[in-house]
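Structural overview for review
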Amino acid sequence: MDILRLSFVLMGMVLLALDFLSFVFRKVTEGVGLLWIALSGALFFSGAVPGLYDWTKAVPKEAVPALVLFASAFLLAAFYVSCLVSQLIRKNQELAMHVSLLNQENESILYELKKIKEQREHEEDLICH
């Protein structure tokens, strides 16, 4: 069961490192990054703290390699998906800002157009009279 505990400690450390690097390179948002920090801490402590790794005694020795492979593959896939979702959220926010700026520019153009129309109407009234 030492292998199972060691693998959970290593998974916690790897997830923490991946999360930190992803946060630095702006691949994950703050909220998602904090969730992954909490999960990596839970993995680390569940394998390192003596009172928390008693559950490993219930796992049969034959199932340890499969459990480690499944858990690490699942965690890496979930981390990858959360990175993709975070990037989509960030791009959505950027697009919303661009749309807001375009709407503001459109309003100013419409205002200028209205002023030009009013000025032309005023000039036409002066010419006609």
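Scope of this entry: the structure provided in the associated data block.

Reading the values: the criteria
Residues numbered from 1 in each chain as written. Predicted model: local features only at pLDDT ≥ 70, side-chain atom pairs only at ≥ 80, totals over all residues. Heavy atoms only, no water. Axes fitted to C-alpha atoms, helices over the stretch in contact; angles between N-to-C directions. Helix = DSSP H or I, 4+ residues; strand = E, 2+ residues; numbered from the N terminus. Parallel < 35°, antiparallel > 145°, perpendicular 65-115°, else oblique. Left-handed = near helix turned anticlockwise from the far one by under 90°. Contact = heavy atoms within 4.5 Å. Nonpolar A, V, L, I, M, F, W, Y, C, P; charged D, E, K, R; others polar. Patch = residues over 30% accessible without salt bridge, like charges linked within 9 Å, V, L, I, M, F, W, Y side chains within 5 Å. Areas by Shrake-Rupley, 256 points an atom, 1.4 Å probe, with all protein chains shown as cover. Salt bridge = Lys/Arg side-chain N within 4 Å of Asp/Glu carboxyl O. Buried < 20%, exposed > 50% of the residue type's maximum accessible area, 1.4 Å probe, protein only. Phe/Tyr/Trp six-rings, centres within 6.5 Å; stacked < 30°, edge-to-face > 60°.

**Some remarks on the packing of helix α1 (residues 2–24) against helix α2 (residues 30–48)**
Packing of α1 against α2 brings their axes to within 7 Å, and their N-to-C directions diverge by 160 degrees. The angle between the axes of α1 and α2 places the two elements in the roughly antiparallel class. Along this stretch, α1 crosses α2, giving a crossing that reads as left-handed. For the pair α1 and α2, contact is made by R5, F8, V9, M11, G12, M13, L15, L16, D19 and F23 and by E30, G33, W36, I37, L39, S40, L43, F44, S46, G47 and A48, respectively. Split by residue class, the contact of α1 with α2 holds 13 nonpolar, five polar and three charged.

**Quick notes on a nonpolar patch on the surface**
On the surface, Y80, V81, L84, V85 and I89 cluster together into a nonpolar patch covering about 440 Å² of accessible area. Along the chain, V81 falls in helix α3 (residues 64–128).

**What about the packing of α2 against α3?**
Helix-helix packing is characterised by the crossing angle of the two axes and by the distance between the axes. The contact between α2 and α3 brings their axes to 11 Å, and the two run at 165 degrees. If you check the angle between α2 and α3, you find them roughly antiparallel. At the point where α2 passes α3, the crossing takes the left-handed sense. Two secondary-structure elements touch here, α2 through V32, W36, L39 and L43 and α3 through L75, A78, F79, S82 and S86.

**A few points about the pattern of salt bridges**
Applying the stated criterion across every chain yields a total of two salt bridges. For R5, the salt bridge identified is with D2, shortest N-O distance 3.1 Å. One end of the pair is R5 and the other is D2, both in helix α1 and three residues apart, which spans about a single turn. Among the residues examined, R5 registers a relative accessible area of 22% and is labelled partly exposed. Ionic pairing is found between K57 and D54, a salt bridge with its closest N-O pair at 3.8 Å. With relative accessibility at 64%, the residue K57 sits in the exposed group.

**Examining the side chain of S46**
By the element assignment, S46 lies in helix α2. The contacts of S46, once residues within four sequence positions are left out, are F8, L52, Y53 and W55.

**What to know about the packing of aromatic side chains**
Scanning the model with the defined rule gives four aromatic pairs in all. A centroid spacing of 5.1 Å and a plane angle of 65 degrees characterise the contact between F8 and W55, whose relative ring orientation is edge-to-face. Within this pair, whereas F8 is found in helix α1, its partner W55 is found in the loop between α2 and α3, the two being separated by 47 residues in sequence. Assessed through its relative accessible area of 10%, F8 is described here as buried. We classify W55 as partly exposed; its relative accessible area is 33%. Measuring from ring centre to ring centre gives 5.4 Å for F44 and F45, while their planes differ by 80 degrees; the resulting arrangement is edge-to-face. Take F45: its relative accessible area is 45%, and that puts it in the partly exposed class.

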